[in-house]
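An overview of the molecular structure
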Amino acid sequence: MSRLGKQPVIIPANVDVSVISQTITIKGSKGECSYTAPECISIQHIDSQITVSRVNETKFSKAMFGTVRSLISNMVIGVTEGYKKDLIIEGVGYKAQIKGQQIVLSLGFSHDVVYQIPEGIKVDVQGGTNVSVEGIDKQLVGQVAASIRDYSPVEPYKGKGVRYAGEHVRRKEGKAVA
């Protein structure tokens, strides 16, 4: 049995929770999230706690037990504090700028890369090289940051490209001249 799944999710005072059959909706100061759990998982909201339990002992229900609890916990954190990923763009001529609901990336290609920012995500660019991605959905924030990074991952020789803040890139030695 999942040790994580057994733990209750504590609900802060300023968060509203409603559970209707398998759908849980959480509202907080930053926004609102909802999730529909599989039929093999039961969700109970008692006082200021949410508990998750299995309906049956199938392999799928055992796999989803801790996962559903983690997703609910991430939703509570998202609507209270939010999630943020920082990216750093390095390289001569490499930069980013916001145009409406799009981020335009100049990453050394013959053309600029235009990325459509999804609904519920806030992207901020400071100085053209520091990009921060914020939102209440942990998965969506991580996916947007990873999509932006995938356009030009850091190359190991000169260190040019898009990296996460705090990411260590192992540098390689260049070609030896005889």
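Placed above this text is the structure.
Source: prediction; values computed, not measured.

Procedures and definitions
Residues numbered from 1 in each chain as written. Predicted model: local features only at pLDDT ≥ 70, side-chain atom pairs only at ≥ 80, totals over all residues. Heavy atoms only, no water. Salt bridge = Lys/Arg side-chain N within 4 Å of Asp/Glu carboxyl O. Helix = DSSP H or I, 4+ residues; strand = E, 2+ residues; numbered from the N terminus. Buried < 20%, exposed > 50% of the residue type's maximum accessible area, 1.4 Å probe, protein only. Expected span 1.5 Å × (residues − 1). Contact = heavy atoms within 4.5 Å. Polar contact = N/O pair within 3.5 Å; in protein donor to acceptor, adjacent residues only side chain to side chain. Pairing = 2+ DSSP bridges. Axes fitted to C-alpha atoms, helices over the stretch in contact; angles between N-to-C directions.

Considering all chains together, one arrives at three salt bridges under this definition. Of the charged contacts in the structure, one is a salt bridge between Arg163 and Glu90, with a shortest N-O distance of 3.4 Å. Of this pair, Arg163 sits in strand S13 (residues 161–164) while Glu90 is found in strand S7 (residues 83–90), placing the two residues 73 residues apart along the sequence. Judged by its relative accessible area of 12%, Arg163 is buried. Residue class for Glu90 comes out partly exposed when judged on its relative accessible area of 34%. With its nearest N and O atoms 2.7 Å apart, the salt bridge here joins Arg149 to Glu167. You can see Arg149 sitting in helix H3 (residues 138–150) and its partner Glu167 sitting in the segment after S13, a full 18 residues away along the chain. Residue classification places Arg149 among the buried residues on the basis of a relative accessible area of 18%. Taking the relative accessible area as the measure of exposure, Glu167 reaches 25% and is therefore partly exposed.

Here the focus is H3. Every α-helical turn comprises 3.6 residues, leaving residues that sit three or four positions apart pointing alike. If you check H3, its first and last C-alpha atoms are 18 Å apart, about what 13 residues at 1.5 Å a residue would give, namely 18 Å. Looking only at H3, the buried set comprises Val141, Val144, Ala145, Ser147, Ile148 and Arg149. In this structure, the buried side of H3 is in contact with S7, strand S9 (102–106), strand S10 (113–116), strand S11 (121–126), strand S12 (130–135) and S13. Residue Asp137 occupies the N-cap position of H3, its side-chain oxygen lying 3.3 Å from the main-chain nitrogen of Gln139.

The strand order across the open sheet built from three strands is S8-S9-S10, with neighbouring strands paired in antiparallel fashion. Both outer strands of the open sheet, strand S8 (95–99) and S10, are each paired with one neighbouring strand and no more. When strand polarity is set aside, the average angle formed by the axes of neighbouring strands in this sheet is 25 degrees. Direction of pairing for S8 relative to S9: antiparallel, over a ladder of five bridges. Bridging from a neighbouring strand, Ala96 pairs with Leu105 of S9.

Here Ser21, not a glycine, exhibits a phi torsion of approximately 50 degrees, which is positive. When you line up the elements, Ser21 lands in the loop between strand S2 (16–20) and strand S3 (23–27). Positive phi, normally seen in glycine, also occurs at Asp47, with a value near 55 degrees. Position of Asp47 relative to the elements: it lies in the loop between strand S5 (41–46) and strand S6 (49–54).

The next subject is the sheet that holds S13. The four strands are arranged S11-S12-S7-S13 in an open sheet whose pairing can be described as antiparallel. Each edge of the open sheet carries a strand with a single partner, namely S11 and S13. Shown here is a sheet whose adjacent strand axes are inclined to one another by a mean of 25 degrees, direction ignored. Of the pairings in the sheet, the one linking S7 to S13 comprises four bridges and is antiparallel in character. When the bridges of S13 are listed, Leu87 appears paired with Tyr164.

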